[in-house]
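Coordinate analysis (summary)
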Amino acid sequence: MAIPAQATQDRATLGIFMTLGAYVFFSLIDTSVKWLVLAGLPAFQLAFMRYLPHFIISTVLILRQGVSWSSFQSEHMGLVLLRAFLLASATLFNFITLNYLSLTVTGSIMFSAPIIVCALSWPLLGERVGPWRWFAIFLGFLGVLVIIRPFNADFHWIALLNVYNAFSLALYSIITRKISGVVAPETMQFWMGAFGAVTLAPFAYMVWIAPANGLEWGLLIALGVWGWAGHEIFSRAHAYAPANTLMPYTYSFLLYLAVASYIVFNDVPDQWTLTGASIIVVSGLIIWWRVGRKDVA
């Protein structure tokens, strides 16, 4: 039986609101991390705490279904662990760069990831990419160059870590697309938290600095809770609306970061950051527009 048009619209609207909510959590993470690194807490410690609560929550949810080793296993463990590594390394490098760059700069560069996904979809997924999308890919990379200005005196090499993050998140997205529907979401969530917590624990231990007050402790613990909640809500949003419907709303992240950067750090993005971010958003929307058309690539 066909789903009524109104019901379909309601589901899509719910998916959009869930996407907007997920990126609120992601922006809270970046804003809190910048606050904490400026307070003197090491990036390794913050990255570890981003994954420890995530790991605990995911483990509890799996065990509630009954103790079974099969819940932690998959025939695609190589891809599951590679996916976890890509996200954990991008998280760590993002936290490092937040000590040097503004929220809007780091967020804008990382939001070139959907453009990189499009560029890699031909060699890795065998999807045909037409001239409009190749133009958008070129435009997106131009936007990144405008933001980081590699030949300008203000260039900071740390921005290259954010370029790595964009590629990592692109590969993370492609792997997620390949194993979604094959690997249970709770299994992916578990290994994401486990990989980050276990691999980062020794480094966090070596550099650990006790937070100075209750606010810092609260933010430190909240990082992992917000991370788990953001990924959980965002993944579930795709059950209500297709990715090409949700994609434009992911750019709300840049708006959230710009507002947080101004309110919390009194940091106003310069004209180059705003120009580059606008170019990246336009290129992403071109890709979204072409993907939404069934008859073209």
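Note: the structure precedes this text.
Everything in this summary refers to the structure shown in the same document. (Residues numbered from 1 in each chain as written. Predicted model: local features only at pLDDT ≥ 70, side-chain atom pairs only at ≥ 80, totals over all residues. Heavy atoms only, no water.)

1. So, helix 7 (residues 159-179)
- Taking 1.5 Å of rise per residue, the 21 residues of helix 7 would be expected to cover 30 Å, and the 31 Å separating its terminal C-alpha atoms lies within 8% of that figure.
- Taken from the residues just after helix 7, G181 is the one with a positive phi, measuring 90°. (Helix = DSSP H or I, 4+ residues; strand = E, 2+ residues; numbered from the N terminus. Expected span 1.5 Å × (residues − 1).)

2. Details of the packing of helix 3 (residues 77-97) against helix 8 (residues 185-207)
- For the pair helix 3 and helix 8, interaxial distance at closest approach is 9 Å and the crossing angle is 55°. The orientation of helix 3 relative to helix 8 falls into the category oblique. In the packing of helix 3 onto helix 8, the handedness of the crossing is right-handed. Counted together, M77, V80, L81, R83, A84, F85, L87, A88 and L92 of helix 3 and M188, W191, M192, F195, G196 and L200 of helix 8 form the full contact between these two elements.
- Of the residues contributing to the contact of helix 3 with helix 8, the split by class is 13 nonpolar, 1 polar and 1 charged. (Axes fitted to C-alpha atoms, helices over the stretch in contact; angles between N-to-C directions. Parallel < 35°, antiparallel > 145°, perpendicular 65-115°, else oblique. Left-handed = near helix turned anticlockwise from the far one by under 90°. Contact = heavy atoms within 4.5 Å. Nonpolar A, V, L, I, M, F, W, Y, C, P; charged D, E, K, R; others polar.)

3. Concerning unusual backbone geometry
- For N266, which is not a glycine, the phi torsion comes out positive at approximately 55°.
- Along the chain, N266 turns up in the loop between helix 11 (252-265) and helix 12 (271-291).
- The exposure class assigned to N266 is exposed, which follows from its relative accessible area of 61%. (Buried < 20%, exposed > 50% of the residue type's maximum accessible area, 1.4 Å probe, protein only.)

4. Brief notes about the environment of P269
- Along the chain, P269 turns up in the loop between helix 11 and helix 12.
- For P269, a relative accessible area of 19% corresponds to the buried category.

5. A few points about the packing of aromatic side chains
- For the coordinates displayed, the defined rule picks out 9 aromatic pairs.
- Plain terms: the ring middles of Y23 and F26 are 5.2 Å apart, the flat faces sit at 80° to each other, and that makes the pair edge-to-face. Here the residue Y23 and the residue F26 both occupy positions in helix 1 (residues 5-38), the gap between them amounting to 3 residues, near one helical turn.
- Between F93 and Y164 the ring centres are 5.2 Å apart and the planes differ by 70°, which places this aromatic pair in the edge-to-face class. Remark: Y164 occurs in helix 7 and F93 occurs in helix 3; sequence separation between them is 71 residues.
- These aromatic residues form a ring-pair network of at least three members: Y23, F26, F234 and F253.
- Over the ring of F265 we find K34, and its NZ or CZ is 5.9 Å from the ring centre.
- Over the aromatic face of Y51 sits the side chain of R50, whose NZ or CZ is 4.4 Å from the ring centroid. (Phe/Tyr/Trp six-rings, centres within 6.5 Å; stacked < 30°, edge-to-face > 60°. Lys NZ or Arg CZ within 6 Å of the ring centre and 35° of its normal.)

6. Side note on a nonpolar patch on the surface
- Where nonpolar side chains cluster on the molecular surface, the patch consists of W35, L215, L255, V259, Y262, I263, V264 and V268 and spans about 800 Å² of accessible area.
- Among the elements that line the nonpolar patch, the one with the most residues is helix 11, at 5 residues.
- The residue I263 is located in helix 11 in this model. (Patch = residues over 30% accessible without salt bridge, like charges linked within 9 Å, V, L, I, M, F, W, Y side chains within 5 Å. Areas by Shrake-Rupley, 256 points an atom, 1.4 Å probe, with all protein chains shown as cover. Salt bridge = Lys/Arg side-chain N within 4 Å of Asp/Glu carboxyl O.)

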